[in-house]
Amino acid sequence: MLLENKKVAIVGGGMAGLTLARLLQMKNTDVKVYERDMNRDVRVQGSTLDLHEGSGLEAMKRASLIDEFYAYHRPIASKMRIVDQALQIKFDDHNSGKTISEDRPEIDRSPLRDILLNALKPDTVVWDSHFQSMEKQSKGWLLHFKNGTGIYADLVIAADGAKSKVRPFLSAEKPVYSGITLIEGNIYDAEKNAPTLFEFTKGGKVMAFGNEQFIGYGTKGDGSIMFVASCKAPENSVTQSGIDFKNKAQVFAWFKETYASWSEEWHEFFTNDDVHFIPRPQYYFPLNQTWETQDNLTMIGDAAHCMPPFAGEGANVAMQDAFELAECLAGTKFRDMKTAISHFEKQMIKRGAEATQDTLENSEIMHSKTALEQMLAFFSH
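Residues numbered from 1 in each chain as written. Predicted model: local features only at pLDDT ≥ 70, side-chain atom pairs only at ≥ 80, totals over all residues. Heavy atoms only, no water.

Draft legend 1. Molecular detail of the packing of aromatic side chains. Here the structure, examined in full by the defined rule, presents 24 aromatic pairs. Each ring, one from Tyr-217 and one from Trp-266, has its centre 6.4 Å from the other, and the planes form 90 degrees; the classification is edge-to-face. Here the residue Tyr-217 occupies a position in strand E14 (residues 213–219), and Trp-266 occupies one in the loop between helix H8 (248–258) and helix H9 (268–271), the gap between them amounting to 49 residues. Across the pair, exposure class does not vary: Tyr-217 and Trp-266 are buried alike. Judged by centre distance (4.1 Å) and plane angle (5 degrees), the rings of Phe-227 and Phe-269 are stacked. Pair noted here: Phe-227 is in strand E15 (residues 225–232) and Phe-269 is in helix H9, with a separation of 42 residues, a long-range link. Across this residue pair, the class does not change: Phe-227 and Phe-269 are buried. Here the aromatic cluster, defined as three or more aromatic residues joined through ring pairs, consists of Tyr-217, Phe-227, Phe-252, Trp-254, Phe-255, Tyr-259, Trp-262, Trp-266, Phe-269, Phe-270 and Phe-277. Above the face of the Phe-200 ring, Arg-81 is positioned so that its terminal group lies 4.8 Å from the ring centre. Here Lys-256 stacks its cationic end above the ring of Phe-252, 4.3 Å away from the centre of that ring. (Phe/Tyr/Trp six-rings, centres within 6.5 Å; stacked < 30°, edge-to-face > 60°. Helix = DSSP H or I, 4+ residues; strand = E, 2+ residues; numbered from the N terminus. Buried < 20%, exposed > 50% of the residue type's maximum accessible area, 1.4 Å probe, protein only. Lys NZ or Arg CZ within 6 Å of the ring centre and 35° of its normal.)

Draft legend 2. Main features of the side chain of Ser-342. Relative to the assigned elements, Ser-342 resides in helix H12 (residues 337–366). The class of Ser-342 is buried, set by a relative accessible area of 18%. Within the structure, the side chain of Ser-342 is placed 3.0 Å from the side chain of Lys-346, a separation counted as a polar contact. (Polar contact = N/O pair within 3.5 Å; in protein donor to acceptor, adjacent residues only side chain to side chain.)

Draft legend 3. Just the pairing of strand E5 (residues 89–92), in detail. With three bridges joining them, strand E4 (residues 80–83) and E5 adopt antiparallel strand pairing. When the sheet's bridge partners are listed, Val-83 is paired in E5 with Ile-89. Two successive antiparallel strands, E4 and E5, enclose a turn made up of five residues, where Leu-87 displays a positive phi of approximately 65 degrees. (Pairing = 2+ DSSP bridges.)

Draft legend 4. Here's a closer look at the sheet that holds strand E9 (residues 140–145). Pairing is antiparallel in the open sheet, where three strands are placed in the order E8-E9-E10. Strands at the two margins of the open sheet, each flanked by one partner only, are strand E8 (131–137) and strand E10 (150–153). With direction set aside, neighbouring strand axes in the sheet form an average angle of 25 degrees. Here E8 pairs with E9 via six bridges, running antiparallel. Note on E9: the bridge partner recorded for Gln-137 is Gly-140. (Axes fitted to C-alpha atoms, helices over the stretch in contact; angles between N-to-C directions.)

Draft legend 5. Structural context of the side chain of Asp-154. With respect to the helices and strands, Asp-154 occurs in the loop between E10 and strand E11 (155–158). Despite its burial, Asp-154 remains without a salt bridge, the nearest opposite charge being carried by Lys-6 at 6.0 Å. Here Lys-7 takes part through its backbone nitrogen, which lies 2.7 Å from a polar atom of the side chain of Asp-154. At 2.9 Å, the side chain of Asp-154 and the side chain of Tyr-152 are in polar contact. (Lys, Arg positive; Asp, Glu negative; His and termini not counted. Salt bridge = Lys/Arg side-chain N within 4 Å of Asp/Glu carboxyl O.)

Draft legend 6. Focus on the sheet that holds strand E17 (residues 297–299). Reading across the sheet, the five strands line up as E7-E2-E1-E11-E17 and stay open at both edges, with parallel pairing between neighbours. Both edges of this open sheet fall to strand E7 (125–126) and E17, since each of them pairs with a single strand only. Relative to E17, E11 is paired through three bridges, and the arrangement is parallel. The residue of E17 that forms the bridge with Val-156 is Leu-297.

Draft legend 7. Representation of the environment of Thr-359 in the model. Within the secondary structure layout, Thr-359 lies in helix H12. Residues Thr-359 and Leu-120 lie 239 residues apart in sequence; the distance between their C-alpha atoms is 32 Å. Among all residues touching Thr-359, those that are not within four sequence positions of it are Met-307, Pro-308, Phe-310, Ala-311 and Glu-313. (Contact = heavy atoms within 4.5 Å.)

Draft legend 8. Quick peek at the packing of helix H1 (residues 15–25) against helix H11 (residues 314–330). For the pair H1 and H11, the least separation of the axes is 8 Å and the interaxial angle reads 25 degrees. By the angle between their axes, H1 is roughly parallel relative to H11. Of the two elements, H1 crosses H11, and the hand of that crossing is right-handed. Within the contact between the two elements, H1 uses Met-15, Ala-16, Thr-19, Leu-20, Leu-23 and Leu-24 and H11 uses Ala-318, Met-319, Ala-322, Phe-323, Leu-325 and Ala-326. (Parallel < 35°, antiparallel > 145°, perpendicular 65-115°, else oblique. Left-handed = near helix turned anticlockwise from the far one by under 90°.)

Draft legend 9. Summary view of the pattern of salt bridges. Enumeration according to the criterion identifies 17 salt bridges in this entry. As a salt-bridge pair, Glu-53 and Lys-61 come within 3.2 Å of each other at their nearest N and O atoms. According to the relative accessible area criterion, Glu-53 is exposed, its value standing at 52%. Its salt-bridge partner being Arg-74, residue Asp-108 comes within 3.0 Å of it at the nearest N-O pair. In this pair, Asp-108 sits in the loop between strand E6 (106–107) and helix H4 (109–118) while Arg-74 sits in the loop between helix H3 (66–72) and E4, placing the two residues 34 residues apart along the sequence. The same class applies to Asp-108 and to Arg-74, which are both buried. Here the salt bridges share partners, and the residues they tie into one network are Glu-58, Arg-62 and Glu-327.

Below, the structure written as structure tokens:
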């Protein structure tokens, strides 16, 4: 076995890193996950995830965690309303017996992460390990973290997201701006803090289109709402705006100006007492990216192929990366590490490019002048 007597370090404890750690441990691999969060109780940001057959769901099956997944998945979260700028309902999935997305079951990120964490051996995740740098040592790497610790690994796997600090050790390719910037908002205790919009979801999700702009939001099992407001914008518009995104009044002023044609019902997102904003310009890696394979380093998930969220592919492609890499490394098909990693990377880059292409096409549709009509036509089939 290629990983026999080898220490594997996964940098990043997101869905991709944790899935990979679980699958490698099932093959008796010595693996640690180095995660920058202080502990497992840190609040998990991000939207509800819909897992797809052949990728996210397949990963859970291979990890022998599919029963746990279905114990925590939220069928109601797949129900959707499509509305216009005035919050007028144009399509309502709640009126149909069959959920349009029921073949893509949804789960909140926090319980999914808990399922994966609980499946790992004790102390697999080393918390408060913010990757800083690494250098080659022997046939592997010596990694350094912000807390002053250092560790040796024979194989390093970058799973540290779109702004990966490990990726530059493999590739100098820079991400490309997609032309879209979104503002993410998180509202806790949403029934109290945004009661009208909370009630409007009926436990599901809402997608709104108008004026080449998009607002999407949904409720989570913990009673919170995560929403995004996205539009076409110059790449550096966020930094050049001078907006302090910790200042609710400044963000609200931006919204009223940028989304001037949208009705006041949406203002509830910006005027409540417990909302937190994150600006997110959207990037992707070139579809034809490539790099020279190494025998002791590779990457998965957003570190390898970040993409905007407009097709729901990111987490699914990342989890597929995890099970395909585990299969290459822990199987008996390849004669050495470099051959195994090379095979994985070729397939992964191809899949990532296809998912990115789909995402960019979706993004174009969702921010077009005819977005509402096109989306209604798509979901009415």
